[in-house]
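# Structure assessment
Here's the letter readout for the chains.
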Amino acid sequence: MGEKLWRMSGKNDGLRGRKISYNCKYSKLCGAKVYLLFKYDSDDAELYRTTSEHTHDDPKCRGLTDSTKEKVIQLLNDGVNKPKIILSTIKECGLEEPPIRMLKNFLFHFRRKQTE
Ligand SMILES: [Zn+2]
């Protein structure tokens with residue numbers, strides 16, 4: 001398992017052992033996920049992988065963080081579409097405030113996707 005590819009997302013004790021789940025380090029929304037199963041009756045850990053390939057955006061092109069993106073989409077769905085108002089709401093929510101250029105870029109691509 002590549003060390004730098006995954007980010008731990010949680011653990012829970014199941015019937016077969018303790019399961020530690022990992023998301024793709026670039027995005028929790030990415031389809032690729034793995035988990036390690038530490039069986040109660042053995043010292044070995046088994047690695048399981050979802051069949052999904054990575055679906056995250058290229059990290060170099062990535063602008064907004066997932067939580068900021070979710071908030072922006074939620075605001076757009078509520079009918080809020082002025083970049084300045086979106087930015088100040090993001091700030092109020094304690095989320096990472098992106099540069100307005102990045103937000104406008106995101107809005108542009110988001111709207112284009114909606115009308116396709
Ligand atoms: Zn990924």
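Please read all numbers here as calculations on a predicted model, not as lab measurements. Per chain, residues are indexed from 1 in the order of the written sequence. For a predicted model such as this one, the threshold for reporting local features is a pLDDT of at least 70, and the threshold for listing and counting side-chain atom pairs is 80 or more; totals across whole chains, interfaces and linings nevertheless cover every residue.

This part covers the overall build of the protein chain. Of regular secondary structure, the protein chain possesses 3 helices and 4 strands. When its helices and strands are written in sequence order, the protein chain yields β-β-β-β-α-α-α. For a compact globule the rule gives 2.2 Å times the number of residues to the power 0.38, and the radius of gyration it is set against comes from C-alpha atoms. What you see for the protein chain is a C-alpha radius of gyration of 18 Å, clearly larger than the 13 Å of a compact globule of 116 residues, by over 25%. When the backbone C-alpha atoms are referred to their principal axes, the protein chain occupies close to 55 × 30 × 25 Å. Exposure in this text rests on C-beta crowding, where 20 or more other C-beta atoms within 10 Å of a residue's own make it buried, 12 or fewer make it exposed, and counts in between make it partly exposed. The C-beta atoms are placed from the backbone. In the protein chain, which comprises 116 residues, the proportion classed as buried is 8%. Only DSSP runs of H or I covering at least 4 residues are called helices, and only runs of E covering at least 2 are called strands; the numbering of each starts at the N terminus.

Two numbers describe how helix α1 (residues 66–77) lies on helix α2 (residues 83–92): the axes approach to 10 Å, and their chain directions differ by 130°. Judged on the interaxial angle alone, α2 and α1 are oblique. In this structure, α1 crosses over α2, and the sense of that crossing is right-handed. Contacts between α1 and α2 involve T68, K71, V72 and L75 from the first element and I86, T89 and I90 from the second. Polar here means any residue outside two lists: the nonpolar Ala, Val, Leu, Ile, Met, Phe, Trp, Tyr, Cys and Pro, and the charged Asp, Glu, Lys and Arg; Gly therefore counts as polar. Looking at the contact of α1 with α2, its residues break down into 4 nonpolar, 2 polar and 1 charged. Geometry is summarised by axes, namely lines fitted to C-alpha atoms with helices restricted to the contacting stretch, and by angles between N-to-C directions that run from 0 to 180 degrees. Note that the term roughly parallel is reserved for angles under 35 degrees, roughly antiparallel for angles over 145, roughly perpendicular for angles of 65 to 115, and oblique for everything else. Helix crossings get a hand from a simple test, with the near helix turned counterclockwise from the far one by less than a right angle marking a left-handed crossing and a clockwise turn marking a right-handed one. A pair of residues counts as a contact when their C-beta atoms, built from backbone coordinates, are separated by no more than 7 Å.

Each domain's extent is set by a domain assignment, obtained either automatically or from a database. Along its sequence, the protein chain is organised into domain 1 (6–49) and domain 2 (66–115). Its C-alpha centre places domain 1 at a distance of 32 Å from the equivalent point of domain 2.

Another aspect to go through is the confidence of the model for the protein chain. Per residue, pLDDT captures the predictor's confidence, and it can take any value from 0 to 100. Residues at a pLDDT of 70 or more form 91% of the protein chain, whose mean pLDDT is 85. Element-level mean pLDDT values for the protein chain span from 85 in helix α3 (residues 100–115) up to 94 in strand β2 (residues 17–24).

Whether two strands pair comes down to DSSP finding at least two bridges between them. In this sheet, β2 lies alongside strand β1 (residues 6–13) in antiparallel orientation, the contact comprising 7 bridges. Each residue of the ladder has a partner; that of K11, found in β2, is I20. As paired elements, β2 and strand β3 (residues 33–39) share 7 bridges and run antiparallel to each other. Residue N23 lies in a different strand from β3, and its bridge partner there is K33.

Let us look at the pairing of β1. The element β1 is barely covered by neighbouring structure, given that only 0 of its 8 residues are classed as buried. With antiparallel pairing between neighbouring strands as the criterion, β1 and β2 make up a hairpin whose turn holds 3 residues.

With antiparallel pairing, the 4 strands of this open sheet are ordered in space as β1-β2-β3-β4. This sheet does not close on itself; its edge strands, each paired only once, are β1 and β4 (45–49). Pairwise comparison of adjacent strand axes, ignoring direction, gives a mean angle of 20° for this sheet.

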